[in-house]
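Fold and contact review
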Amino acid sequence: MSSLNPVERAASLGGAVAGAPLRLVGGLASPARGDMARNVRRAIGINEEPRAIATDPDDAYLAPDGVARLVHADLPSMLIAGVSALLLQMLHPLAMAGVAEHSGYREDPLGRLRRTAAFVAATTFGTTAEAEAAIAQVQQVHRRVRGTAPDGRPYSADDPELVTFIHVAEVSSFLASARRYGPVPLTPEQCDRYYEEVAPVAYALGATWAPRSVDEVESYLLRVRPDLYAGPQARAARDWLVRGVARRPTERAVYSLVLAASVGVLPDWARRELGLSLAGPFDLFVDSAAVTPLARALSAAVRWMVTPPA
């Protein structure tokens, strides 16, 4: 990552995030809430207005009263989860090869997050027709993403096992972030229902199996964990993501906090493999005493900005 040791990185991160809530106070006092919402969305690469939500159960792709909509509707926790999912996906050498060789993430830093957000919005809040159109578009792209990874293995984005891994990396990150930073607590039953509700999306994309409960997700990750590692392509992508693309001090402070929160959402073993874990108790202390409270404050601020006034 860099020449800094873990403790130095933690100190640097702490200094960057400490001022973020103070810099947000002025924005919270502004009456121009609509402009603030647009600015927040624009800052993360979402220039379009929110899509219309399908409310008819007979027409909606996912149940309007389901847990998936509850989880995916919260912008701040989904933003944290999106970065966390990218980090977790880096550990699959075939998935990482596809990203490194077929995407322009350095030239279009927000592009992948934006496309993922558009896909999640269509399959979560759209009609069946809108969701199927989004799925078909992704499948069309997947058919072109193929090659040979640095470890000599061929890869294809439409490989059913790879589709399952990308799906699990995303939805497990979405749920973990929602449980930590979302506006409402989720029961164990709701967590199982969430995986049940989103599994059909993976099948529609070409997976032959997808987990439908918390236990199945945990068991799946334990099974594939020996095959996950941070190779040269993953380390390069990690370093690029850690550096970030923000330039102004306020943006860098907020980005540092989002990144730290996303690392905190990762499983412990994934943090260690990516070189983003501090030694022993330092990890827990920094996460619980600094990152989580600040990220919750930031999430509340963003949630206030993007929620239309009653």
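The following refers to the structure shown. Only a predicted model underlies this, so the values are computations on that prediction, with no experimental measurement involved.

1. With respect to the packing of aromatic side chains
- Enumeration according to the criterion identifies two aromatic pairs in this entry.
- A centroid spacing of 5.8 Å and a plane angle of 35° characterise the contact between Trp209 and Tyr220, whose relative ring orientation is tilted. In this pair, Trp209 is assigned in the loop between α10 (188-205) and α11 (214-224) and Tyr220 in helix α11, connecting sequence segments 11 residues apart.
- A relative accessible area of 34% places Trp209 in the partly exposed class.
- Tyr220 gets classed as buried once you look at its relative accessible area, which sits at 6%.

2. Regarding α11
- Listing the buried residues of α11 in full gives Val217, Tyr220, Leu221 and Val224. End-on, the buried residues of α11 take up no more than an arc of 95°, which puts them together on one face. Within α11, the exposed residues directed more than 90 degrees away from the buried face are Asp215, Leu222 and Arg223.
- In this structure, the buried residues of α11 make contact with α9 (160-181) and α10.

3. Points about the nonpolar core
- Judged by nonpolar contacts, the single largest core of 58 residues is most densely connected at Val71, Leu87, Leu91, Phe174 and Tyr194.
- Contacts of Leu91, omitting those with residues within four sequence positions, involve Asp227, Leu228, Tyr229, Ala230, Trp269, Ala270, Glu273 and Leu274.
- By size, the runner-up hydrophobic cluster in this structure holds 11 residues, among which are Ala134, Ile135, Val201 and Ala210.

4. Quick notes on the packing of α9 against α11
- Where α9 meets α11, the axes come as close as 11 Å, and the angle between the chain directions of the two elements is 125°. Comparing their axes, α11 and α9 come out oblique. Considering how the two elements wind past one another, α9 and α11 form a crossing that is left-handed. Contact with α9, carried on its side by Glu161, Thr164, Phe165, Val168 and Ser172, involves Val217, Tyr220 and Leu221 of α11 and no other residues of that element.
- Across the contact of α9 with α11, the residue classes break down as five nonpolar, two polar and one charged.

5. A look at helix α6 (residues 93-102)
- Of all 10 residues that make up α6, seven are buried, and the element is covered over most of its length.
- Where α6 is buried, its residues contact α5 (75-90), α7 (111-125), β2 (154-156), α9 and α12 (232-243).

6. Considering the pattern of salt bridges
- In the structure shown here, the tally under the stated rule is six salt bridges.
- Between Glu197 and Arg193 there is a salt bridge, with the nearest N and O atoms lying 3.8 Å from each other. Residue Glu197 and its partner Arg193 are both found in helix α10; the two are separated by four residues, about one turn of the helix.
- A residue is classified by how much of its surface remains accessible, and Glu197, at 17% relative accessible area, is buried.
- Across the salt bridge formed by Glu196 and Arg212, the nearest N and O atoms sit 3.0 Å from each other. Of the two residues, Glu196 sits in helix α10 while Arg212 sits in the loop between α10 and α11, which places them 16 residues apart along the sequence.
- By relative accessible area, which is 39% here, Glu196 ends up partly exposed.

7. Considerations on a negative patch on the surface
- On the surface, Glu189, Asp192, Asp215, Glu216 and Glu218 cluster together into a patch of negative charge.
- Of all the elements in the fold, those that place two or more residues in the negative patch are α10 and α11.
- Ranked by the residues each element gives to the negative patch, the list is headed by α11, at three residues.
- Residue position: Asp192 is located in helix α10.

8. Notes on the side chain of Asp74
- Here Asp74 lies in the loop between α4 (67-72) and α5.
- Polar side-chain contacts of Asp74 include one of 2.7 Å to the side chain of Ser77.
- When sequence neighbours within four positions are dropped, the list of residues in contact with Asp74 reads Tyr181, Gly182, Pro183 and Arg303.

Reading guide: rules and limits
Residues numbered from 1 in each chain as written. Predicted model: local features only at pLDDT ≥ 70, side-chain atom pairs only at ≥ 80, totals over all residues. Heavy atoms only, no water. Phe/Tyr/Trp six-rings, centres within 6.5 Å; stacked < 30°, edge-to-face > 60°. Helix = DSSP H or I, 4+ residues; strand = E, 2+ residues; numbered from the N terminus. Buried < 20%, exposed > 50% of the residue type's maximum accessible area, 1.4 Å probe, protein only. Arc of directions from axis to C-beta. Contact = heavy atoms within 4.5 Å. Core = buried A, V, L, I, M, F, W, Y, C linked by side-chain atoms within 4.5 Å. Axes fitted to C-alpha atoms, helices over the stretch in contact; angles between N-to-C directions. Parallel < 35°, antiparallel > 145°, perpendicular 65-115°, else oblique. Left-handed = near helix turned anticlockwise from the far one by under 90°. Nonpolar A, V, L, I, M, F, W, Y, C, P; charged D, E, K, R; others polar. Salt bridge = Lys/Arg side-chain N within 4 Å of Asp/Glu carboxyl O. Patch = residues over 30% accessible without salt bridge, like charges linked within 9 Å, V, L, I, M, F, W, Y side chains within 5 Å. Areas by Shrake-Rupley, 256 points an atom, 1.4 Å probe, with all protein chains shown as cover. Lys, Arg positive; Asp, Glu negative; His and termini not counted. Charge placed at Lys NZ, Arg CZ, Asp CG, Glu CD. Polar contact = N/O pair within 3.5 Å; in protein donor to acceptor, adjacent residues only side chain to side chain.

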